[in-house]
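Now for the letters of each chain:
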Amino acid sequence: MILLKFRGSILGKVNQGRTQMLQSDDVHAMLKLSRLGWGKRRIAKEFKISINTVRKYVRQEGWTPYRRPVKIKSLDGLESWITDRFHQHAGNADVVRQELRRVHGVVVSLRLTRMA
């Protein structure tokens, strides 16, 4: 770890060969440097990150935690239908998969049908 000093005050931590996510302290330091007139390219070199990352945080004017995108699953909303069909077909996942394709037009693998 290296501590950046600018005019006597500690602005933030820099990880050499960055392999971890930026913390809010790091982003705060980037914004402070940007307000002091440092260019985005220079800030990116100091923090060993992409210039696009610097642009993103300067544009956002702060740090936001990572939000995992919501995945749309092909079997969403069909849980009760699939459960009924499994009982009707005595647990035969291949028959349920074929019926799923025929009735709902959803094409999934046999493994996904078994896991449902």
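Numbering of residues starts from 1 in each chain and follows the order in which that chain's sequence is written. This being a predicted model, a pLDDT of at least 70 is required before a residue's local features are given, and a value of 80 or more before pairs of side-chain atoms are given or counted; all residues contribute to the totals for chains, interfaces and linings. Only hydrogens and water are set aside; all other atoms, that is, all heavy atoms of the structure, feed into the side-chain values.

Chemist: With reference to specific residues and values, describe the nonpolar core.
Modeler: Buried Ala, Val, Leu, Ile, Met, Phe, Trp, Tyr and Cys residues that are joined via side-chain atoms within 4.5 Å together make up what is termed a nonpolar core. The buried label applies to any residue whose accessible area, calculated with a 1.4 Å probe on protein chains only, is under 20% of its type's maximum; exposed applies above 50%, and partly exposed to all values in between. Core analysis: the biggest nonpolar cluster contains 13 residues, and Leu22, Val27, Met30, Ile43, Phe47, Ile49 and Val54 have the highest contact counts within it. Elements with a minimum of two residues in this core: helix H1 (24-35), helix H2 (40-47) and helix H3 (51-60). Only heavy atoms matter for contacts: two residues are in contact if any of them lie within 4.5 Å across the pair. Contact partners of methionine 30, with chain neighbours within four places excluded, come to Leu22, Ile43, Phe47, Ile49, Val54 and Tyr57. The next biggest cluster of nonpolar side chains, apart from the first, holds ten residues, and it includes Leu75, Ile82, Ala93 and Val96. Strands here mean DSSP runs of E at least two residues long; helices mean DSSP runs of H or I at least four residues long; both are numbered from the N terminus.

Chemist: Break down the side chain of threonine 113 for me, citing the residues and quoting the values.
Modeler: With respect to the element layout, threonine 113 can be found in helix H6 (residues 110-115). Overall, threonine 113 belongs to the buried group, its relative accessible area being 2%. Polar contact is defined as a pair of N or O atoms within 3.5 Å, subject to the rule that within protein one atom must be able to donate a hydrogen and the other to accept it, and that residues adjacent in sequence are counted only when both atoms are side-chain atoms. A polar atom in the side chain of threonine 113 sits 2.9 Å from the backbone oxygen of serine 109. In this view, threonine 113 contacts Phe86, Ala93, Val96, Arg97 and Val108; residues no more than four positions away in its chain are not counted.

Chemist: Which residues make up the pattern of salt bridges, and what are the values?
Modeler: Note on definitions: salt bridges are taken to be side-chain nitrogens of Lys or Arg within 4 Å of carboxyl oxygens of Asp or Glu. Inspection of the entire model under this criterion finds two salt bridges. Notably, a salt bridge pairs arginine 85 with glutamate 99, separated by 2.6 Å at the nearest N-O pair. One end of the pair, arginine 85, is in helix H4 (residues 79-88); the other, glutamate 99, is in helix H5 (residues 93-104), and 14 residues separate them in sequence. Classification of glutamate 99 by relative accessible area gives buried; the value is 11%. For the salt bridge of aspartate 94 with arginine 97, the shortest nitrogen-to-oxygen distance reads 2.7 Å. With a gap of three residues between them, aspartate 94 and arginine 97 both fall in helix H5, about one helical turn apart. The exposure class of aspartate 94 is partly exposed, given its relative accessible area of 28%. For arginine 97, a relative accessible area of 19% gives the class buried.

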